[in-house]
Amino acid sequence: MDSVGVAAAAPDAGPGPAWQSKCPWGAPSTTSISCSLADVMSEQLAKELQLEEENAAFPEVVAAAEGPFITGENIDTSSDLMLAQMLQMEFDREYDAQLRREEKKINGDSKVSISFENYRKVHPYDSDSSEDEVDWQDTRHDPYRADKPTTTPRRGFIGKGKDITTKHDEVVCGRKNTARMENFAPEFQVGDGIGMDLKLSNQVFNALKQHAYSEERRSARLHEKKEHSTAEKAVDPKTRLLLYKMVNSGMLETITGCISTGKESVVFHAYGGNATEDKVIPAECAIKVFKTTLNEFKNRDKYIKDDYRFKDRFSKLNPRKIIRMWAEKEMHNLTRMQNAGIPCPQVVILKKHVLVMSFIGQDQVPAPKLKDVTLSSEDMKKAYYQILNMMQQLYRECNLVHADLSEYNTLWHDGKVWLIDVSQSVEPTHPHGLEFLFRDCRNVSQFFQKGGVAEALNERELFNAVSGLNITADNEVDFQAEIEALEKMNEDHVQNHGKKLSTFSSDGDPPIYDE
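Residues numbered from 1 in each chain as written. Predicted model: local features only at pLDDT ≥ 70, side-chain atom pairs only at ≥ 80, totals over all residues. Heavy atoms only, no water.

**A word on a positive patch on the surface**
Working step 1: Judged by side-chain charge, Lys238, Lys245, Lys321, Arg324, Lys351 and Lys352 come together as a positively charged surface patch.
Working step 2: The set of elements that each furnish at least two residues to the positive patch consists of α10 (237-248) and α12 (319-340).
Working step 3: Along the chain, Lys351 turns up in strand β6 (residues 347-351). (Patch = residues over 30% accessible without salt bridge, like charges linked within 9 Å, V, L, I, M, F, W, Y side chains within 5 Å. Areas by Shrake-Rupley, 256 points an atom, 1.4 Å probe, with all protein chains shown as cover. Salt bridge = Lys/Arg side-chain N within 4 Å of Asp/Glu carboxyl O. Lys, Arg positive; Asp, Glu negative; His and termini not counted. Charge placed at Lys NZ, Arg CZ, Asp CG, Glu CD. Helix = DSSP H or I, 4+ residues; strand = E, 2+ residues; numbered from the N terminus.)

Here it is in structure tokens:
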């Protein structure tokens, strides 16, 4: 039989095995139903076809879903994973409830409580919040706030007869004052008064309120000045940039740290860098950074505003200009002292309010001040004559008065006295120059007389020896009166002639004292 005959006989064959009806070489038993393009593109038809395919592929899952396992709230419990999650969730809720009961039992009514929050079970799929999870502070009674807001009547009192309560009642005002502390700045710590019936009197509340406002303003001022002023043992960004430039340029090798702090400046130690053609850099340097705030030394203007070298440039309204002039003043004074041969730090460079000088000391250890060193009688006598000679040189050769000479501004190094801190030094023709000189003489005389130097002159004799003036007064009051008269005479001369020429009468040059 040929293939054509087999194909023709296949439709007429009787019933046979199932595999014969599904033979791929046979003709289809059913005819396809024709449909339009709109039916093919219909979404409803696509969903029906997809559902038929799913039912044909998974008939047992559909039967299970239609069984008696459907529960309330439309939860599908046919999956083992879902059942496990539901059981675990129920267990965790019971566990959290037990923890809350333990918290309540342990804490009680105590103001200080413990919490088991870190031990609670939290599931990301548990979106339903438990009604029992309420913060303990939300249920605590706050004595400062009434359960219902009450307003004071316009007449100013409530109640009748002996139960009348006015708006000035001590208890009511005290609780209101305590509640109003919440309006203070967040930085002002008022404490936790929950559970405590605190009552503050008007006097105490007003004092706290004023203190809170003062602290808030002070904090704002400090925050504002923090980036614009030099603080204790610290520098502002502008000063830090100046120091970085000195190190980067090779002038300084490294800055080791702070060695001294004072009312007007901060002193740092540094190692010198490479020397230039016109400048010799010492091996060790001292960097004096003048503080850019005048809070700690507000009276410095009297040392500079009447100095003819800086009088025209003085501006009390610009602190940074004053500081730069102050640093420049010390540089010029040190230069005069160096030219006269007086032992003092050597000026290296001045950058705005940063003055670099030679370091008086060795191996980062500064030389001790005269008040801190213990000297023998011979060394004490030697130091006295050195200071006396330096005061005379300052007055005669440098035309300067130290104006702050004492054992605090003198160093003992290599067996001799060194003068430092000459930024406030003025000329003798300054309106208060002689007063400053007399104060220096008093400090020097008292220190060395206490140190056991028998040859130490008193302040009046020392003043005449240094200045060359011959003021003969029996007591200190008359002596100072004559000094003020001389200063007045010099001030009148300046106003009349406009020149800083000394009108003091002296008996020649002052004698030079030596050992």
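**Focus: the packing of aromatic side chains**
Working step 1: Scanning all chains against the criterion turns up 7 aromatic pairs.
Working step 2: A centroid spacing of 6.5 Å and a plane angle of 80° characterise the contact between Phe116 and Tyr119, whose relative ring orientation is edge-to-face.
Working step 3: With a centroid separation of 5.5 Å and 70° between ring planes, the pair formed by Tyr384 and Tyr385 is classed as edge-to-face. Here Tyr384 and Tyr385 have matching classes, each one buried. (Phe/Tyr/Trp six-rings, centres within 6.5 Å; stacked < 30°, edge-to-face > 60°. Buried < 20%, exposed > 50% of the residue type's maximum accessible area, 1.4 Å probe, protein only.)

**Examining the sheet that holds strand β7 (residues 354-358)**
Working step 1: Read across the sheet, 5 strands follow the order β3-β4-β5-β7-β6 without closing on themselves; strand pairing throughout is antiparallel. Of all the strands in the sheet, the pair left with one neighbour each is β3 (252-261) and β6. Across the sheet, the mean angle from the axis of one strand to that of its neighbour is 25°, orientation sign disregarded.
Working step 2: Pairing of strand β4 (residues 265-272) with strand β5 (residues 284-290) involves 7 bridges; the strand directions are antiparallel. Residue Ser265 lies in a different strand from β5, and its bridge partner there is Phe290. (Pairing = 2+ DSSP bridges. Axes fitted to C-alpha atoms, helices over the stretch in contact; angles between N-to-C directions.)

**Topic: the pairing of β6**
A regular strand places its side chains so that they alternate between the two faces of the sheet.
Working step 1: Bridge count between β6 and β7: 4 bridges; the pairing is antiparallel. The partner of Ile349 across the bridge, within β7, is Val356.
Working step 2: The antiparallel hairpin formed by β6 and β7 contains 2 residues in its connecting segment, where Lys352 sits at a positive phi of about 55°.

**Remarks on the packing of helix α13 (residues 377-396) against helix α15 (residues 459-467)**
Working step 1: With their axes 8 Å apart at the nearest point, α13 and α15 run at an angle of 50° to one another. Between α13 and α15, the interaxial angle falls into the category oblique. Of the residues in α15, those touching α13 at Tyr384, Leu388, Met391, Gln392 and Tyr395 are Leu462, Ala465, Val466 and Ser467.
Working step 2: Taken together, the residues that form the contact of α13 with α15 break down as 7 nonpolar, 2 polar and no charged. (Parallel < 35°, antiparallel > 145°, perpendicular 65-115°, else oblique. Contact = heavy atoms within 4.5 Å. Nonpolar A, V, L, I, M, F, W, Y, C, P; charged D, E, K, R; others polar.)

**Section: the confidence of the model for the protein chain**
Working step 1: Taken residue by residue, the protein chain gives an average pLDDT of 76. The fraction at 70 or more is 67%.
Working step 2: In the predicted structure, residues 505-515 sits below a pLDDT of 50 and forms 25 contacts with residues beyond four places in sequence or in another chain. (pLDDT = per-residue confidence, 0-100.)

**Quick look at the packing of α13 against helix α14 (residues 433-450)**
Working step 1: Running from N to C, α13 and α14 point in directions that differ by 170°, and their axes come no closer than 11 Å. Relative to α14, the element α13 is oriented roughly antiparallel. On α14, the residues touching Met380, Ala383, Tyr384, Ile387, Met391 and Tyr395 of α13 are Leu434, Leu437, Asp440, Cys441, Val444, Phe447 and Phe448.
Working step 2: Tallied by class, residues from the contact of α13 with α14 come to 12 nonpolar, no polar and 1 charged.

**Side note on the nonpolar core**
Working step 1: If you look at the biggest cluster of nonpolar residues, it comprises 58 residues, and the most contacted ones within it are Met337, Tyr384, Ile387, Phe448 and Phe463.
Working step 2: Of all the elements in the fold, those that place two or more residues in this core are α12, β7, α13, β11 (416-419), α14, α15 and α16 (476-497).
Working step 3: For this core, the leading source of residues is α13, giving 10 residues.
Working step 4: Counting the residues that make up this core, at least three belong to each of domain 2 (234-366) and domain 3 (368-500).
Working step 5: Contact partners of Met337, with chain neighbours within four places excluded, come to Ile342, Cys344, Leu394, Cys398, Leu419 and Val422.
Working step 6: Formed by 17 residues, the second largest nonpolar core is a distinct cluster that contains Leu242, Met251, Ile287 and Val348. (Core = buried A, V, L, I, M, F, W, Y, C linked by side-chain atoms within 4.5 Å. Domains from an automatic or database assignment.)

**What to know about the pattern of salt bridges**
Working step 1: In the structure shown here, the tally under the stated rule is 10 salt bridges.
Working step 2: A salt bridge links Asp421 to Lys288, with the shortest nitrogen-to-oxygen separation between them at 2.9 Å. Placement of the pair is Asp421 in the loop between β11 and α14 and Lys288 in strand β5, with a sequence separation of 133 residues.
Working step 3: Residue classification places Asp421 among the partly exposed positions, given a relative accessible area of 23%.
Working step 4: On the accessibility criterion, Lys288 (1% relative accessible area) is buried.
Working step 5: Residues joined in a network through salt bridges with shared partners are Glu264, Lys288, Glu330 and Asp421.

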